[in-house]
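Listed here are the chains, written in short residue letters.
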Amino acid sequence: MNVILFGPPAAGKGTQAKRLVETRGMIQLSTGDMLREAIASGSELGRECQAIMSRGDLVPDAVVIALIEAQLKAAEDAGGAIFDGFPRTLAQAESLDAMLAKLGKQIDHVIRLKVDDEALLSRVASRFADQGRPDDNPDSFKVRLDAYNRNTAPLLPYYADKGLLTEVDGMSSIEAVSGAIDTALAKDRLTIA
Ligand code: AMP
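Residues numbered from 1 in each chain as written. Predicted model: local features only at pLDDT ≥ 70, side-chain atom pairs only at ≥ 80, totals over all residues. Heavy atoms only, no water.

(A) A look at the site of the ligand. By nearness alone, 16 residues border the ligand, and Thr-31, Arg-36, Asp-57, Gly-85 and Gln-92 come closest of all. Protein contacts shield 96% of the accessible area of the ligand, which totals 470 Å² for the unbound molecule. Counting residues per element, the shell around the ligand draws most heavily on helix α2 (residues 31-41), which supplies four residues. In the shell around the ligand, the residues fall into six nonpolar, four polar and six charged. (Near = heavy atom within 4 Å. Areas by Shrake-Rupley, 256 points an atom, 1.4 Å probe, with all protein chains shown as cover. Helix = DSSP H or I, 4+ residues; strand = E, 2+ residues; numbered from the N terminus. Nonpolar A, V, L, I, M, F, W, Y, C, P; charged D, E, K, R; others polar.)

(B) Here's a closer look at the packing of aromatic side chains. This structure, assessed with the given rule, holds three aromatic pairs. Measuring from centroid to centroid gives 5.0 Å for Tyr-158 and Tyr-159, while their planes differ by 85 degrees, and the two rings are edge-to-face. Among the residues examined, Tyr-159 registers a relative accessible area of 1% and is labelled buried. A cation over an aromatic ring shows up here: Lys-162 above the ring of Tyr-158, its NZ or CZ 4.5 Å from the ring centre. (Phe/Tyr/Trp six-rings, centres within 6.5 Å; stacked < 30°, edge-to-face > 60°. Buried < 20%, exposed > 50% of the residue type's maximum accessible area, 1.4 Å probe, protein only. Lys NZ or Arg CZ within 6 Å of the ring centre and 35° of its normal.)

(C) Broad picture of the sheet that holds strand β3 (residues 81-84). Ordered by their spatial adjacency, five strands build an open sheet running β2-β3-β1-β4-β5, and the pairing between neighbours is parallel. Looking at which strands have only one partner, the edges of the open sheet turn out to be β2 (27-30) and β5 (165-169). Direction aside, neighbouring strands of the sheet carry axes that sit 25 degrees apart on average. Against the sheet, helix α9 (residues 174-186) touches β1 (3-6), β4 (109-114) and β5, its axis set at about 155 degrees to β4. (Pairing = 2+ DSSP bridges. Axes fitted to C-alpha atoms, helices over the stretch in contact; angles between N-to-C directions. Contact = heavy atoms within 4.5 Å.)

(D) View of the packing of α2 against helix α4 (residues 61-77). The N-to-C vectors of α2 and α4 enclose an angle of 100 degrees; their axes lie 10 Å apart at closest approach. By the angle between their directions, the pair α2 and α4 is classed as roughly perpendicular. Residue-level contacts link Thr-31, Met-34 and Leu-35 of α2 to Val-63, Val-64, Leu-67, Ile-68 and Gln-71 of α4. Considered class by class, the residues forming the contact of α2 with α4 number six nonpolar, two polar and no charged. (Parallel < 35°, antiparallel > 145°, perpendicular 65-115°, else oblique.)

(E) Inspection of the side chain of Ser-140 at higher detail. Along the chain, Ser-140 falls in helix α7 (residues 138-152). Residues within four places of Ser-140 in sequence aside, it is in contact with Ser-54, Arg-55, Gly-56, Pro-134 and Asp-135.

(F) Here's a closer look at α7. The end-to-end C-alpha separation of α7 is 20 Å, in line with the 21 Å expected for 15 residues at 1.5 Å each. Within α7 the residues assigned to the buried category are Ser-140, Phe-141, Arg-144, Leu-145, Ala-147, Tyr-148 and Thr-152. Angularly, the buried residues of α7 cover 155 degrees about the axis, an arc narrow enough to put them on a single face. For α7, the exposed residues lying more than 90 degrees away from the buried face are Pro-138, Asp-139, Lys-142 and Arg-150. Along its buried surface, α7 packs onto β1, α3 (44-55), β4, α6 (117-131) and α8 (156-161). For α7, the N-terminal cap is Asn-137; the gap from its side-chain oxygen to the backbone nitrogen of Asp-139 is 3.0 Å. (Expected span 1.5 Å × (residues − 1). Arc of directions from axis to C-beta. Polar contact = N/O pair within 3.5 Å; in protein donor to acceptor, adjacent residues only side chain to side chain.)

Following this line, the structure appears as structure tokens:
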């Protein structure tokens, strides 16, 4: 099964992805984590992306598509992926569909975590205080939120039209959000078919 966790930055996608890894043995594919690892390792890719990321802008589609492509087959062989922070543009969404189709797979569920902007701002302020992630500073976070609204939120109709989208109240407790995700995933169209 392949699941996209969809939502603005700091909506809780990473937290929920990690729980799905623990409970279902799925593989988390987080382009943000991959890019942060590239920066930490001092690779050329990391050096190229560091400034873009700390500003809060999106890195080029080709970069993240290549990162996903490099890990997709292994994730599919392991039973499926949880896409966390990918896709963020229509070009990424279309590439993902094409890459999966080549492997005879598809996206099965898109779970949208809905959190209002005020809650996001307060979550990210405390994450910045705790972890000091450079792109959690208020200016970069505003750019990230704008990028989500401009480039990523418009993908919602793409998945809604395919009948894949479930909206979950991301303002509830972590446990309640997990429960709502489990309910959504239980409606597996492959099982029903
Ligand atoms: P995240 O941890 O998912 O919030 O990602 C952190 C940053 O990495 C983003 O603000 C972007 O600069 C970059 N990034 C991560 N995933 C993508 C993506 N799918 N497309 C473009 N940029 C991305």
